[in-house]
Amino acid sequence: MNITSAQYMEDMSGNNSAINATIDGVKMSVPLDPANRHYAEILRQVEAGELTIADAD
Amino acid sequence: MSRARDLADLGGSADAGGLTGRNLIINGAMTVAQRGTSATGKTTGGYFTVDRSKFDLVNLGTHTYSQSTDAPEGFSNSLRVDCTATASLSADSLLYALAQGIEGQNLQQLKKGTSNAESVTVSFYVKSNKTGTYVLEIYDGMNTRHIGKTYTIDTANTWEYKTLTFAGDTSGTLTNSNAFGMGLFFWIGAGSNYTTGTLPSSWASVTNANRAAGLNVNMADSTDNDWAITGVQLEVGETATPFEHEDYGTTLKKCKRYYQVYDNIQGMTLHCYNTSHAYTSVQYPDGIMRATPTATVNYSSGDSFALAGSGKTISAREIVGVKPNVFMFKLTASSLTAGQAGHYDKDSTNIFQFDAEL
């Protein structure tokens, strides 16, 4: 899984609600759910120092 | 009618593939392909065509992954891998098809991790131009355990029916949850990192070098190569029963627990939150998904948002607030009026995609 960008998204209350990520060349909205395979891979790559999640705009 | 007659009829029904719920594999006849029927030029893995079938590929050529209409008698489709650019094996090369994961809560009848653990039997039809020895691995993702068996393709370009029975595992209980429990991995290419050990003939902790030991083909060594499979069935017990055919709608419904796609949105009502953002909350019409899905908005051009009879200029489309049962669609547009509602239209395919695959 090739993840080239990741940025938190906020809900209407200003809380992080998801991650906007580009995965295998496709822009996706990844939920903050460990049971989601894309989020699990993002966490693994962050833990490995391979990826940084940018703050929400 | 006597009890004996009932039982005889039941047995006859099983012989004809009539008893339902035996097959633990979803879409084993390869009939559902929500993502499309062909994916070309693939050099890495993922979910591409036939639903519930994961393709994994590392350093082993380029392939087309497709839903084929080439199938044995009684089937209409197969899952097919075609090599389009060759590669020699490197240590970390791997290629497997149809890596279907199964939720732990759907495997409790295996009694895995107990002294009464059940055997399972896998049956399938397979066809390739390459004769030789192939590997099927069952992988327990909750306990990192596995077991494998080889099978041979004896005659080139001919559908062959295979059955493989695997012993039950008295170690490693499967959690009763929606997480990855076990999966089938059909290996069709692997480097030395996966082949230099010994294939585990009984359940054991995973050793990478053992995973595809015995595999003696490399699907990427010629662009003439292809491999196809259908009629995949995983069932409890030591006997392969006839494939459990399902109607298309039943299989599609099962697949939508893991992947849903939306086409042709007409008149979706969104409410303006302020002067630049409008939202709507949508229950998935095809049912609750396995987990909170990853959402993709596949926008290219040609949508519209009308507010009080006036078309608005849309600058962004996002899925926010996704849950397993509901998602929120957010539009960013100019000159909106807080409190008003408008209609969104987009007449094309694959507008929203939701992925909750294992």
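From a predicted model like this one, the values you see are computed outputs, not experimental measurements. The numbers attached to residues start from 1 for each chain and follow its sequence in the written order. Whichever chain is written first becomes A and whichever ligand is written first becomes 1, with later ones labelled in order. At least 70 in pLDDT is required for a residue's local features to be given in this predicted model, at least 80 for side-chain atom pairs to be given and counted, and no such filter applies to totals for whole chains, interfaces and linings, which use all residues. Only hydrogens and water are set aside; all other atoms, that is, all heavy atoms of the structure, feed into the side-chain values.

A. Representation of the nonpolar core within the structure. Residues and elements named next belong to chain B. We define the nonpolar core as a collection of buried residues of types Ala, Val, Leu, Ile, Met, Phe, Trp, Tyr and Cys that are connected through side-chain atoms lying within 4.5 Å of one another. Only protein chains enter the accessibility calculation, which uses a 1.4 Å probe; a residue is then buried when its area is under 20% of its type maximum, exposed when over 50%, and partly exposed in between. Core analysis: the biggest nonpolar cluster contains 57 residues, and Phe 124, Tyr 151, Phe 186, Trp 187 and Trp 227 have the highest contact counts within it. Contacts are assigned to residue pairs that have any heavy atoms within 4.5 Å of one another. Apart from residues lying up to four places away in sequence, Trp 187 is in contact with Leu 94, Leu 95, Tyr 96, Tyr 134, Val 135, Glu 137, Tyr 194, Arg 211, Ala 212 and Leu 215. The next biggest cluster of nonpolar side chains, apart from the first, holds 25 residues, and it includes Met 268, Leu 270, Ile 314 and Ile 319.

B. Molecular detail of the sheet that holds strand 3 (residues 54-58) of chain B. Residues and elements named next belong to chain B. Between any two strands, at least two bridges found by DSSP are needed for them to pair. Only runs of H or I of at least four residues qualify as helices and only runs of E of at least two qualify as strands under DSSP, and these elements are numbered from the N terminus. Judged by pairing direction, the sheet is antiparallel, and its 7 strands sit side by side in the order 2-3-6-11-8-9-12 without closing on themselves. The sheet terminates laterally at strand 2 (46-47) and strand 12 (204-205), the two strands that pair on one side only. In terms of strand pairing, strand 6 (residues 94-103) meets strand 11 (residues 180-190) through 8 bridges, oriented antiparallel. Considered in strand 11, the bridge of Gly 101 is made with Gly 183.

C. Inspection of the domain arrangement of chain B at higher detail. All names here are of chain B. Where each domain begins and ends follows an automated or database-derived domain assignment. Along its sequence, chain B is carved into domain 1 (3-247) and domain 2 (259-355). Inter-centroid distance (C-alpha atoms) of domain 1 to domain 2 is 37 Å. With 6 residues of domain 1 at the interface, the matching set in domain 2 holds 6 residues. Here's the idea: put two parts together, see how much 1.4 Å probe accessible area each one loses, and the total over both is what we call buried area. Carbon and sulfur atoms make up 42% of the surface buried where domain 1 meets domain 2, a total of about 520 Å² over both sides. In terms of surface lost to domain 2, no three residues of domain 1 exceed Gln 34, Arg 35 and Asn 178, which account for 82% of the buried area on that side. For this analysis, a salt bridge means a side-chain nitrogen from Lys or Arg found within 4 Å of a carboxyl oxygen belonging to Asp or Glu. Where domain 1 meets domain 2, there are 0 salt bridges.

D. Inspection of helix 1 (residues 37-47) of chain A at higher detail. For helix 1 of chain A, every residue scored as buried is listed here: Arg 37, His 38, Tyr 39, Glu 41, Ile 42 and Gln 45 of chain A. Against the buried residues of helix 1 of chain A lie strand 1 (3-10), strand 2 (16-23) and strand 3 (26-31) of chain A together with strand 2, strand 17 (294-297) and strand 23 (352-355) of chain B. The term polar contact refers here to a pair of N or O atoms within 3.5 Å; inside protein, the definition further demands a hydrogen-donor-capable atom paired with an acceptor-capable atom, and it admits residues adjacent in sequence only when both atoms are side-chain atoms. Put simply, Asn 36 of chain A is the residue that caps the front of helix 1 of chain A, since its side-chain oxygen is 2.8 Å from the backbone nitrogen of His 38 of chain A. Among the residues trailing helix 1 of chain A, Gly 49 of chain A stands out with phi positive, at a value near 75 degrees.

E. Examining the interface of chain B and chain A more closely. Tallying the contact residues gives 17 residues for chain B and 14 residues for chain A. Area buried by chain B at its contact with chain A is led by Thr 292, Thr 294 and Thr 296 of chain B, which between them contribute 32% of it. Where chain B packs against chain A, one counts 1 salt bridge. A salt bridge links Asp 355 of chain B to Arg 37 of chain A, with the nearest nitrogen and oxygen atoms 2.5 Å apart.

F. How the structure looks around the sheet that holds strand 5 (residues 78-85) of chain B. All names here are of chain B. Reading across from one edge, 1-4-5-13-7-10 is the order of the 6 strands in this open sheet, with antiparallel pairing throughout. Strands with a single pairing partner mark the edges of an open sheet, and in this sheet they are strand 1 (38-42) and strand 10 (160-166). Within the sheet, the average angular offset between the axes of one strand and its neighbour, ignoring direction, is 20 degrees. Looking at chain direction, strand 1 and strand 4 (residues 62-68) are connected through 3 bridges and run antiparallel. Across the sheet, Ser 38 pairs through a bridge with Ser 66, a residue of strand 4. Only the contacting stretch of a helix is used when fitting its axis, a line to C-alpha atoms as for every element, and angles between N-to-C directions run 0 to 180 degrees.

G. View of the pattern of salt bridges. Within the structure shown, the criterion is met by 22 salt bridges over all chains. Shared partners join several salt bridges into a network, and the residues in it are Lys 112, Asp 140, Arg 145 and Asp 169 of chain B.

H. Representation of a negative patch on the surface within the structure. Negative charge collects at one region of the surface, where Glu 10, Asp 11, Asp 55 and Asp 57 of chain A lie side by side. Structurally, Glu 10 of chain A is set in strand 1. Exposure above 30% relative accessible area and the lack of any salt bridge qualify a residue for a patch; like charges then connect within 9 Å, and the nonpolar side chains Val, Leu, Ile, Met, Phe, Trp and Tyr within 5 Å. Areas reported as accessible are Shrake-Rupley estimates using a 1.4 Å probe. Residue values count occlusion only from the protein chains shown. Counted charges follow a simple rule, with Lys and Arg positive, Asp and Glu negative, and His plus the chain ends left uncounted. A charged residue contributes its charge at one atom only: NZ of Lys, CZ of Arg, CG of Asp or CD of Glu.

I. Quick peek at the packing of aromatic side chains. All names here are of chain B. Side-chain rings of Phe, Tyr and Trp (the six-membered ring for Trp) are treated as a pair once their centres are within 6.5 Å; stacked means planes under 30 degrees apart, edge-to-face means over 60, and tilted covers the remaining angles. Considering all chains together, one arrives at 25 aromatic pairs over all chains under this definition. Summarising the aromatic geometry, the rings of Tyr 284 and Phe 327 are spaced 5.5 Å apart at their centres and angled 40 degrees between planes, so their arrangement reads as tilted. A residue pair is termed long-range when its members are at least 10 positions apart, and Tyr 284 in the loop between strand 16 (277-283) and strand 17 and Phe 327 in strand 21 (residues 326-333) qualify at 43 residues. We classify Tyr 284 as buried; its relative accessible area is 6%. The rings of Tyr 262, Tyr 284, Phe 327, Phe 329, Tyr 344, Phe 352 and Phe 354 are connected pair by pair, giving a single aromatic cluster. Two conditions define a charge sitting above a ring: the NZ of Lys or the CZ of Arg must be within 6 Å of the ring centre, and it must be within 35 degrees of the ring normal. Sitting over the face of the ring of Trp 203, Lys 112 holds its NZ or CZ atom 4.9 Å from the ring centroid. Positioned above the aromatic ring of Phe 185 is the side chain of Arg 211, whose terminal nitrogen or guanidinium carbon lies 5.4 Å from the ring centre.

J. Just the pairing of strand 15 (residues 265-272) of chain B, in detail. All names here are of chain B. By the bridge criterion, 5 bridges tie strand 15 to strand 22 (residues 341-346) in an arrangement that is antiparallel. Of the residues in strand 22, the one forming a bridge with His 271 is Ala 341. The sheet contact formed by strand 15 and strand 16 spans 2 bridges and is antiparallel. When the bridges of strand 16 are listed, Cys 272 appears paired with Ala 278.

K. Geometry of the environment of Lys 254 of chain B. All names here are of chain B. With respect to the helices and strands, Lys 254 occurs in helix 3 (residues 248-255). For Lys 254, a relative accessible area of 32% gives the class partly exposed. Placed 35 residues apart in sequence, Lys 254 and Met 289 show a C-alpha to C-alpha distance of 9.9 Å. A distance of 2.3 Å separates the side chain of Lys 254 from the side chain of Glu 246, its partner in a polar contact.

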